Amino acid sequence: MSPRKKEEPKTFEENISRLEEIVSQLERGDAALADSLALFEEGTKLASVCSAMLDEAEQKVVKLQKGPDGEPVELPFNTED
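What you are looking at is a predicted structure, and each value in this text was computed from that prediction instead of being measured. Residue numbering note: each chain is counted from 1, following its sequence as written. In keeping with the model being predicted, local features are shown solely for residues with a pLDDT of at least 70 and side-chain atom pairs are shown and tallied solely at 80 or more, while totals for entire chains, interfaces and linings include all residues. The basis for every side-chain value is the complete set of heavy atoms in the structure, and neither hydrogens nor water enter the calculation.

Trainee: I'm lost on the overall build of the chain in this one. Help?
Mentor: A tally of helices and strands in the chain yields two helices and two strands. Put simply, DSSP marks the helices as runs of H or I at least four residues long and the strands as runs of E at least two long, and each gets a number from the N terminus on. The linear arrangement of helices and strands in the chain, starting from the amino end, is α-α-β-β. Any residue under 20% of the maximum accessible area for its type is buried, any over 50% is exposed, and the rest in between are partly exposed; the area is computed with a 1.4 Å probe on protein chains only. Looking at the 81 residues of the chain, the share that counts as buried comes to 11%. Contacts in the chain between residues at least 24 apart in sequence constitute 37% of all its contacts with a sequence separation of at least 6. A 1.4 Å probe and the Shrake-Rupley method give the accessible areas. Residues count as covered only by the protein chains that appear here. Of the roughly 7,200 Å² of accessible surface on the chain, a fraction of 55% belongs to carbon and sulfur atoms. By definition in these notes, contact holds between two residues if any of their heavy atoms fall within 4.5 Å.

Trainee: Would you take a moment to explain the pattern of salt bridges for this structure?
Mentor: Close approach of charged atoms allows side chains with opposite charge to pair. Here a salt bridge means any side-chain nitrogen of Lys or Arg lying within 4 Å of a carboxyl oxygen belonging to Asp or Glu. Taken as a whole and assessed by the stated rule, the structure comprises four salt bridges. As a salt-bridge pair, Glu21 and Arg18 come within 3.1 Å of each other at their nearest N and O atoms. On the criterion of helical spacing, the pair formed by Glu21 and Arg18 is a turn pair, its members being three residues apart in helix α1 (residues 12-28). Accessibility expressed as a relative area gives 40% for Glu21, which makes it partly exposed. Residue Arg18 is classed as partly exposed on the basis of its relative accessible area of 24%. Note that Glu41 is salt-bridged to Lys45, the shortest N-O span being 3.4 Å. Residue Glu41 and its partner Lys45 are located together in helix α2 (residues 33-60), separated by four residues, close to a single helical turn. In this structure Lys45 comes out as exposed when scored by relative accessible area, which is 53%. What emerges from the salt-bridge pattern is a single network uniting Arg18, Glu21 and Glu42.

Trainee: In this structure, what is going on with the side chain of Asn15? I would like to understand it.
Mentor: Along the chain, Asn15 falls in helix α1. With sequence-adjacent residues up to four places away left out, Asn15 is seen in contact with Lys10, Leu46, Val49, Cys50 and Met53.

Okay, here's the thing in structure tokens:
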């Protein structure tokens, strides 16, 4: 038995690219029902993964403001400004 390699997580861009392929295939409407359902399920999972990746990235974004001494100060990103 050969050892199974753990699949590397895909990047956001790779996931979006695959999601676009799935949407294109579903829009053509020429896939069998079972294939369409499998594509839809894969697309739903990819959309969820991409959403989680965006949420994580948003949590890392910080806003830089000038502090009292003129040096930049990192503050949490707040979209309500």
